[in-house]
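# Breakdown of the fold
What follows is each chain in one-letter form.
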Amino acid sequence: MGALPVEAEGLVRRFGDLVAVDGVDLVVQAGEVFGFLGPNGAGKSTTVRMLVTLLTPSDGVARVAGFDVRTQAAQVRRAIGVALQDAAIDPLMTGNELLRLQATLHGLARTAGRQRGAELLERVGLTAAGDRRVGTYSGGMRRRLDLALSLVHEPEVLFLDEPTTGLDPMSRVNLWEEVRSLNTERGTTVFLTTQYLEEADQLAGRIAIIDGGRIVREGEPAALKAAVGSPTLRVQVMPEHTELARAALAAFGEERPTRPGVLAVGLEGGAGQMAAVVRALDEVRADVESMELHQPTLDDVFADATGRRLEGAEPEAPAEGAA
Amino acid sequence: MTLQTSAALGLGHEHERALHPAAQARALSGRAVRGLFRAPQVWIPSLVFPLFFAALSTAALGRAVEVPGFPAADSFLDFLFPATLTQAVLFGSLGAASELAHDIESGFFDRLIASPVARSAILVGRLAGAAVLGAIQAVVFVVVFSAFGAEVKAGVGGMLVLPVVAVLLAIGLGAVASALALRSGSVEAVQSAFPLIFISIFASAAFFPRELMRGWFHAVATYNPITWMIEGLRHLVLVGWHTRDAATAIAVPAVISVLGTALALRSLRKRLASTS
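Everything numeric here is computed off the predicted structure, so don't read it as measured data.

## Some words on the packing of helix H7 (residues 155-184) of chain B against helix H11 (residues 225-238) of chain B
All names here are of chain B.
- Running from N to C, H7 and H11 point in directions that differ by 155 degrees, and their axes come no closer than 9 Å. Between H7 and H11, the angle falls in the class roughly antiparallel. Classified by chirality, the crossing of H11 by H7 is left-handed. Counting all contacts with H7, which are made through Gly158, Val161 and Val165, the residues of H11 involved are Met229, Leu233, Leu236 and Val237.
- Among the residues making up the contact of H7 with H11, the classes are represented as 6 nonpolar, 1 polar and no charged.

Rendered as structure tokens:
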């Protein structure tokens, strides 16, 4: 496939006076997992609905798998797989029946459709539930079936709209595994919308943050986080050693506000300075009780871009590299 | 799942996957019919209520057949047979359109239109569900009415006309209601149309003979096509085979089907143009 999986230029969608999407430019490269991150109502779903031909753009151009979403909608639909958050699955049908129906809609012959359905059920771990009605499935099972349905025709580009919203943490991790293996084993390009920072961080090689219908940041998560600033090192020492430690840490960067009894410093040299910090604290004989390195999170990136914290954002978790 | 099996299935190369609108329509019809069997609670009332209505009317108004001017009928039950079937089909086809509206509300419709399905296949699937239900209703009513002593004077030919009319009427009314479902996208809107269609049946000769009507009501009933259909059927039930009656009884719902389907397709295109 020579064409870019997704490219959009100046995409706009108005609903009456409301501008839901206000000039979005996007480029998604073949084989990447692209995370489209933003709070509720930011324009994520509206953008996706335009890309999957369910909504006509008010302005701008978008091409998906090389086809114009406006003038070549039929070709777009054949090339993409879609799992929309708010598109329900008929609870009266079984998983097998839905897969066969989807296969027929995509033009697979009966036997090919059946074989493909069985493969996909196995892939998402629903073989045993294949003949049960979807009404009896748990939320996680439905999302996995939804993923299987979107893969029936081996799409070039897969659109997953908030695939784990409302799932318990266990099911969420399972689904992430599926998406990851799809991408690495099959090279499927994935366009993922999410309101979960962690999800974007875990899955996406590149993300765009949308807010108020505009893209406010775009790039690799690590680079975006690095651009926000240096990681924060938090050190807790014996109370009587606090001043000793503060003096030692001053050499590594500016002190940052934190809880009482804890010292925090912006590590200008990044995680690579950790060994030097440990040596410096050892030299002044400060007894260290704990030490944590916090990388900037995507929430910090979001806050930096918009001045607000992402709605429903998880509390900051200790990042990789904690000592 | 390996690359080999996928290649063997001819996937990934979209020119090797030909889309078949007929197969799509068949698959969606299959879904609608399976849905009927899996959620019978949705349409069982469409059989039970008209039967109760017929039983009560026959008990209450049974002697109406003796009124001078009333068409010659063995019983009021025989007289009501066509109206009862029409009533049941009306309930059933509104149910089919409600299912379509429900698909729109729940997002299943979006799931369909995001796939390369032929747009008309979505409508065909729903109407097929209505048609199958119409046929079931006709067969059940022939059996139940026969069990209670009603007799179709036109014999086997007449008994065959009944399901044909029921199926065509189910498609026709189902299509009209589907147009409403597609325009409103709301189950409530479809169900609120019920009284309107119901009145069009009451404003016909369905439950009372035109011979005994007067004034404006007589005029309305005379020009109401439902009357033409019901009187055609009624002659087959009460009197005997008459090709002209059979033809009229079939022609009316056939025309409603054609017009209704055209209207529904237009509504479908409108919905797709406004959302897609």
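Next, the rest of the story.
## Concerning the sheet that holds strand E13 (residues 288-294) of chain A
Residues and elements named next belong to chain A.
- The strand order across the open sheet formed by 3 strands is E12-E11-E13, and the pairing between neighbours is antiparallel. The open sheet terminates on both sides in strands that have one partner only, identified here as strand E12 (263-266) and E13. The average angle at which neighbouring strand axes cross in this sheet is 15 degrees, direction not considered.
- By the bridge criterion, 4 bridges tie strand E11 (residues 232-237) to E12 in an arrangement that is antiparallel. Its bridge partner being in E12, Arg234 is matched across the sheet by Ala264.
- Along the sheet, helix H9 (residues 242-249) makes contact with E11 and E12, crossing E12 at roughly 0 degrees.

## A short note on the sheet that holds strand E10 (residues 214-219) of chain A
Residue and element names in this part refer to chain A.
- Read from one edge of the open sheet, 6 strands run E6-E7-E8-E3-E9-E10, paired in mixed fashion. Each edge of the sheet is formed by a strand with only one pairing partner; in this case those strands are strand E6 (80-83) and E10. When strand polarity is set aside, the average angle formed by the axes of neighbouring strands in this sheet is 15 degrees.
- Here 5 bridges tie strand E3 (residues 33-37) to strand E8 (residues 189-194), and the two strands are oriented parallel to one another.

## Quick word on the nonpolar core
- Counting 158 residues, the largest nonpolar core has Val64(A), Phe159(A), Phe191(A) and Ala170(B) as its most contacted members.
- With 17 residues, the top contributor of residues to this core is H7(B).
- With sequence-adjacent residues up to four places away left out, Val64(A) is seen in contact with Pro5(A), Val6(A), Leu51(A), Val69(A), Val76(A), Ala79(A), Ile80(A) and Val157(A).
- Within the second largest apolar cluster, 13 residues are counted, among which are Val235(A), Leu249(A), Val265(A) and Leu281(A).

What counts and what doesn't
- Residues numbered from 1 in each chain as written.
- Chains lettered and ligands numbered in written order.
- Predicted model: local features only at pLDDT ≥ 70, side-chain atom pairs only at ≥ 80, totals over all residues.
- Axes fitted to C-alpha atoms, helices over the stretch in contact; angles between N-to-C directions.
- Helix = DSSP H or I, 4+ residues; strand = E, 2+ residues; numbered from the N terminus.
- Parallel < 35°, antiparallel > 145°, perpendicular 65-115°, else oblique.
- Left-handed = near helix turned anticlockwise from the far one by under 90°.
- Contact = placed C-beta atoms within 7 Å.
- Nonpolar A, V, L, I, M, F, W, Y, C, P; charged D, E, K, R; others polar.
- Pairing = 2+ DSSP bridges.
- Core = buried A, V, L, I, M, F, W, Y, C linked by C-beta atoms within 7 Å.
- Buried ≥ 20, exposed ≤ 12 C-beta atoms within 10 Å, placed from the backbone.

None of this, on its own, says anything about what the molecule does.
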